[in-house]
Amino acid sequence: MGIFSRRQSATAEPTSPVDFRAPLEEVTPAGVGLDPRLRALTGEWTIDRPHSRIGFSVRHAMVTTVRGAFTDYESRLYFDGARPAESRAHLVIKVASVDTGVEQRDGHLVGRDFFDASRFPEMVFRSTSTVHEGGESFRMTGDLTIRDVTRPVELQLDYLGSVMDPFGYERAGFDGTTTIDRTEWGLVYNQRLEAGGAMVSEKIRLQFDISAIRA
């Protein structure tokens, strides 16, 4: 989810800058085990929304999986390839932009039973630490705020590579995943099934498929 602000391009939507402060504690010795290509990525980036996906998946009726995504968000990301602990991310998601492909379901999600978007329009992630786990894998810990409830989460973050695209913009790809218990953020609505179990699982898998552009 995070490693990235950018110049404008025809393929990337501009996003509003989001302030972040508080330098992060150094967790690993600078540069230990880091690929030189990662060091070259040091700098500010931003998520290219048309080529990225901030999504989730949840079990429905105990037998299938429903997937959705948030399409409107602002990002401010910084990656330090020599000192990973200095890397940080700040992401502000407009919860009313949720899209599961079913209009009625989306309306239920933004209503009072779930996100209550009229009262709590934004979901926020702000990183607090980043650790290089070896190779191209990182662990980013941060605070996730939903419905004004803030709790820590931990993302597994994998670097996928970087490239100069045909338009002359440097891109870097990352995959991030984590699983949360939605009830810890006050998302407790459910219906019990006659055969046992719940209509909507409490465990939610968050997925961040990130294409980032250098500032």
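Residues numbered from 1 in each chain as written. Predicted model: local features only at pLDDT ≥ 70, side-chain atom pairs only at ≥ 80, totals over all residues. Heavy atoms only, no water.

Is there a simple way to explain the overall build of the protein chain in this structure?
The helix and strand tally for the protein chain stands at 2 helices and 11 strands. In sequence order, the secondary structure elements of the protein chain are arranged as α-β-β-β-β-β-β-α-β-β-β-β-β. Classification of the 215 residues of the protein chain by burial places 49% in the buried group. As displayed, the protein chain has an accessible area near 10,600 Å², and 50% of this comes from carbon and sulfur atoms. (Helix = DSSP H or I, 4+ residues; strand = E, 2+ residues; numbered from the N terminus. Buried < 20%, exposed > 50% of the residue type's maximum accessible area, 1.4 Å probe, protein only. Areas by Shrake-Rupley, 256 points an atom, 1.4 Å probe, with all protein chains shown as cover.)

Looking at this structure, I do not really get empty space enclosed by the protein. What am I missing?
If you roll a probe as big as a water molecule over the atoms, it shows you where there is empty space left. Reported here for the largest cavity is a volume of approximately 120 Å³. Lining the largest cavity are 16 residues, with Ile-93, Met-123, Leu-144, Leu-206 and Phe-208 sitting closest to its centre. Counting residues per element, the ones that place at least two in the lining of the largest cavity are strand 2 (53-60), strand 5 (88-94), strand 7 (122-134), strand 9 (149-164) and strand 11 (200-214). Grouping the amino acids of the lining of the largest cavity by side-chain chemistry returns 14 nonpolar, 2 polar and no charged. (1 Å grid on protein atoms, 1.4 Å probe; cavity = no way out; pocket = protein on both sides within 12 Å on 5 of 7 lines; lining within 4 Å. Points joined across faces, edges and corners; volume = space filled by probe spheres on them. Nonpolar A, V, L, I, M, F, W, Y, C, P; charged D, E, K, R; others polar.)

How should I be thinking about the pattern of salt bridges in this particular structure?
Opposite charge on two side chains permits them to pair, given that their charged atoms come into close proximity. Summed over the entire model, instances satisfying the criterion amount to 12 salt bridges. In this structure, Arg-171 engages Asp-48 in a salt bridge whose closest nitrogen and oxygen atoms are separated by 2.8 Å. With Arg-171 in strand 10 (residues 170-181) and Asp-48 in the loop between strand 1 (43-47) and strand 2, this residue pair connects regions lying 123 residues apart in the sequence. The burial state of Arg-171 is the same as that of Asp-48; both residues are buried. (Salt bridge = Lys/Arg side-chain N within 4 Å of Asp/Glu carboxyl O.)

It is not clear to me how unusual backbone geometry should be interpreted in this structure. Could you clarify?
It is generally the case that most residues other than glycine have a negative phi and that most peptide bonds are trans. The backbone of Ala-61 shows a phi angle near 55°, a positive value even though the residue is not glycine. By secondary structure assignment, the location of Ala-61 is in the loop between strand 2 and strand 3 (64-70). Residue Ala-61 is classed as partly exposed on the basis of its relative accessible area of 22%. Located in the positive-phi region is Met-62, a residue other than glycine, with phi close to 70°. Residue position: Met-62 is located in the loop between strand 2 and strand 3. According to the relative accessible area criterion, Met-62 is partly exposed, its value standing at 46%.

Just to check I follow, could you spell out the layout of surface pockets for this structure?
Considered as a void within the structure, the largest pocket measures approximately 540 Å³ in volume. Lining of the largest pocket is provided by 26 residues; of these, Val-58, Arg-105, Leu-109, Phe-114 and Val-200 occupy positions nearest its centre. Of all the secondary-structure elements, those providing two or more residues to the lining of the largest pocket are strand 2, strand 3, helix 2 (103-110), strand 8 (137-146) and strand 11. A per-class count over the lining of the largest pocket returns 17 nonpolar, 6 polar and 3 charged.

How should the pairing of strand 5 be read in this particular structure?
Consecutive side chains of a regular strand alternate in pointing toward one face of the sheet and then the other. Along strand 5, 5 of the 7 residues are buried, which leaves the element largely enclosed by surrounding structure. The pairing of strand 5 with strand 7 spans 5 bridges and is antiparallel. Residue pairing in the sheet places Val-92 in a bridge with Val-124 of strand 7. (Pairing = 2+ DSSP bridges.)

I keep staring at the nonpolar core and nothing clicks. Help me out?
Most often, soluble globular proteins keep nonpolar side chains buried together rather than apart. In this structure, Phe-70, Leu-91, Phe-125 and Leu-144 are the most contacted members of the largest nonpolar core, which totals 42 residues. With 6 residues, the top contributor of residues to this core is strand 11. (Core = buried A, V, L, I, M, F, W, Y, C linked by side-chain atoms within 4.5 Å.)

I would appreciate a short explanation of the environment of Tyr-78 in the present structure.
In this structure, Tyr-78 sits in strand 4 (residues 73-79). Spatially, the C-alpha atoms of Tyr-78 and Thr-42 are 7.5 Å apart, while their sequence positions differ by 36 residues.

I keep staring at the packing of aromatic side chains and nothing clicks. Help me out?
Each pair of aromatic rings is reported with the distance of its centres and the angle of its planes. Counted under the stated rule, the structure contains 6 aromatic pairs. A ring pair is formed by Phe-56 and Phe-70, whose centres lie 5.6 Å apart and whose planes are at 45°; its orientation type is tilted. Of this pair, Phe-56 sits in strand 2 while Phe-70 sits in strand 3; the two residues are 14 residues apart in sequence, bridging distant segments of the chain. By relative accessible area, which is 10% here, Phe-56 ends up buried. Owing to a relative accessible area of 6%, Phe-70 belongs among the buried residues under this scheme. Pairing Phe-114 with Tyr-189 gives two aromatic rings, centres 5.3 Å apart and planes at 70°, and the pair type is edge-to-face. Pair noted here: Phe-114 is in the loop between helix 2 and strand 7 and Tyr-189 is in the loop between strand 10 and strand 11, with a separation of 75 residues, a long-range link. An aromatic cluster of three or more residues is present, and its members are Phe-79, Phe-138, Tyr-159 and Phe-174. A cation over a ring is seen here: Arg-49 above Tyr-73, with NZ or CZ 5.8 Å from the ring centre. (Phe/Tyr/Trp six-rings, centres within 6.5 Å; stacked < 30°, edge-to-face > 60°. Lys NZ or Arg CZ within 6 Å of the ring centre and 35° of its normal.)

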